[in-house]
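# Report on the structure
Now for the letters of each chain:
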Amino acid sequence: MLQLALTHRSFSYENGGTPTNERLEFLGDSVLGLLITEALFERYPDLDESKLSPLRSSVVNTKALATIARELALGQYLRIGKGEEATGGRDKNSLLADSLEALVGAIYIEHGYTATAKVVLRWCESALTAATAEGANLDSKTALQELASARGLNGPEYEITEFGPDHDKSFTALAILSGEKFSQGFGKSKREAEQIAAKLAYDAISAR
């Protein structure tokens, strides 16, 4: 199982189609996401979804997982093809992150949920701590940016309209993600309108 978790498809292509770690990666991705979600949910009972979601994204994104893989020296144990070897595959963020997820999947199959949780939380503790320090006060625009990244959407843009006399202006803002427009936010400043529009878009996307 360990060998399978460390076998990249490039190795398979060069070695007669031996099984790869992609199915374990698929499983490990879900297990990892659940464990981190559960940890954040229990640790921070006062944070709502708009704060919890970007915190989770900051822990389970490719860069963060690759950092953990490097701390485990996972790269040196990977079974990769000669082409990947020649192009520095053992230190590629995407390859390391995928292999870490596959390893989580393998541990889950072999040892079950509780044992996997202990291992994953030990590996991710520093990332959880950093995410909390940096993200506990995320504003709505930042939260929407993180959510868009997690869902594979283009980063948000804002369409601003101002109205009223110069001494008493008001603003509306529309958040636009991947060409889709969301509900208008109203405010007495551009920032306020954008923050409200971001929260409306965040809630709409999260509800899907």
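The rules we used
- Residues numbered from 1 in each chain as written.
- Predicted model: local features only at pLDDT ≥ 70, side-chain atom pairs only at ≥ 80, totals over all residues.
- Heavy atoms only, no water.
- Pairing = 2+ DSSP bridges.
- Helix = DSSP H or I, 4+ residues; strand = E, 2+ residues; numbered from the N terminus.
- Axes fitted to C-alpha atoms, helices over the stretch in contact; angles between N-to-C directions.
- Buried < 20%, exposed > 50% of the residue type's maximum accessible area, 1.4 Å probe, protein only.
- Polar contact = N/O pair within 3.5 Å; in protein donor to acceptor, adjacent residues only side chain to side chain.
- Core = buried A, V, L, I, M, F, W, Y, C linked by side-chain atoms within 4.5 Å.
- Contact = heavy atoms within 4.5 Å.
- Phe/Tyr/Trp six-rings, centres within 6.5 Å; stacked < 30°, edge-to-face > 60°.
- Lys NZ or Arg CZ within 6 Å of the ring centre and 35° of its normal.
- Salt bridge = Lys/Arg side-chain N within 4 Å of Asp/Glu carboxyl O.

### What about the sheet that holds strand 3 (residues 180-187)?
Hydrogen bonds between backbone atoms are what pair the strands of a sheet, whose relative direction is either parallel or antiparallel. Taken in spatial order, the three strands of this open sheet run 1-2-3, and their pairing is antiparallel. Of all strands in the sheet, those bounded by a partner on one side alone are strand 1 (157-163) and strand 3. Along the sheet, successive strands turn relative to each other by an average axial angle of 20 degrees, direction set aside. Sheet topology note: the strand 1/strand 2 (residues 170-177) ladder contains seven bridges and is antiparallel. Counterpart to Glu 157 in the pairing with strand 2 is Ile 176.

### With respect to unusual backbone geometry
You will see that Ala 73, though not glycine, has its phi angle at about 55 degrees, which is positive. Assessed through its relative accessible area of 28%, Ala 73 is described here as partly exposed. One non-glycine residue with positive phi stands out, namely Ser 178, at about 50 degrees. Tracing the backbone through its elements, the reader meets Ser 178 in the loop between strand 2 and strand 3. Judged by its relative accessible area of 39%, Ser 178 is partly exposed.

### A short note on the pairing of strand 2
Taken across its eight residues, strand 2 has eight buried, putting it largely inside the fold. Judged by which residues are buried, strand 2 turns out to be covered on both faces: Ser 170, Thr 172, Leu 174 and Ile 176 on one side and Phe 171, Ala 173, Ala 175 and Leu 177 on the other are all buried. Between strand 1 and strand 2, which pair antiparallel one after the other, the connecting turn spans six residues, and Gly 164 there sits at a positive phi close to 100 degrees. Note: strand 2 against strand 3, six bridges, orientation antiparallel. Within the sheet, the bridge partner assigned to Ile 176 lies in strand 3 and is Lys 181. Counted between consecutive antiparallel strands, the loop separating strand 2 from strand 3 contains two residues, among which Ser 178 sits at a positive phi close to 50 degrees.

### Details of the side chain of Ser 12
Here Ser 12 shows up in helix 2 (residues 9-14). Within the local environment of Ser 12, its side chain forms a polar contact with the backbone oxygen of Thr 18, the two atoms lying 2.6 Å apart.

### Things to note about the nonpolar core
Counting 34 residues, the largest nonpolar core has Ile 36 and Trp 123 as the members making the most contacts within it. For this core, the secondary structure elements donating two or more residues are helix 3 (22-43), helix 4 (49-60), helix 5 (62-71) and helix 7 (93-135). With 16 residues, helix 7 is the single largest residue contributor to this core. Setting aside chain neighbours within four positions, we find Trp 123 in contact with Ile 68, Leu 72, Leu 100, Leu 103, Val 104 and Ile 107.

### Quick word on the packing of aromatic side chains
Overall, the coordinates contain zero aromatic pairs when judged by the stated rule. A cation over an aromatic ring shows up here: Lys 141 above the ring of Tyr 158, its NZ or CZ 5.0 Å from the ring centre.

### Quick word on the side chain of Thr 172
Within the secondary structure, Thr 172 sits in strand 2. Taking the relative accessible area as the measure of exposure, Thr 172 reaches 5% and is therefore buried. Non-local contacts of Thr 172, meaning those with residues more than four positions away in its chain, are made with Glu 159, Ile 160, Thr 161, Phe 163, Gln 184, Gly 185, Phe 186 and Ala 193.

### Focus: the pattern of salt bridges
All told, the structure shown has 11 salt bridges when counted by the stated rule. A salt bridge links Lys 141 to Glu 194, with the nearest nitrogen and oxygen atoms 2.7 Å apart. Here Lys 141, found in helix 8 (residues 140-150), pairs with Glu 194, found in helix 9 (residues 190-206); they are 53 residues apart in sequence, far enough to count as distant. Residue Glu 162 is joined to Lys 169 by a salt bridge in which the shortest nitrogen-to-oxygen separation is 3.1 Å. By relative accessible area, which is 42% here, Glu 162 ends up partly exposed. A single network of salt bridges, built from pairs that share partners, joins Glu 162, Asp 166 and Lys 169.

Any functional reading would require information beyond the geometric quantities listed.
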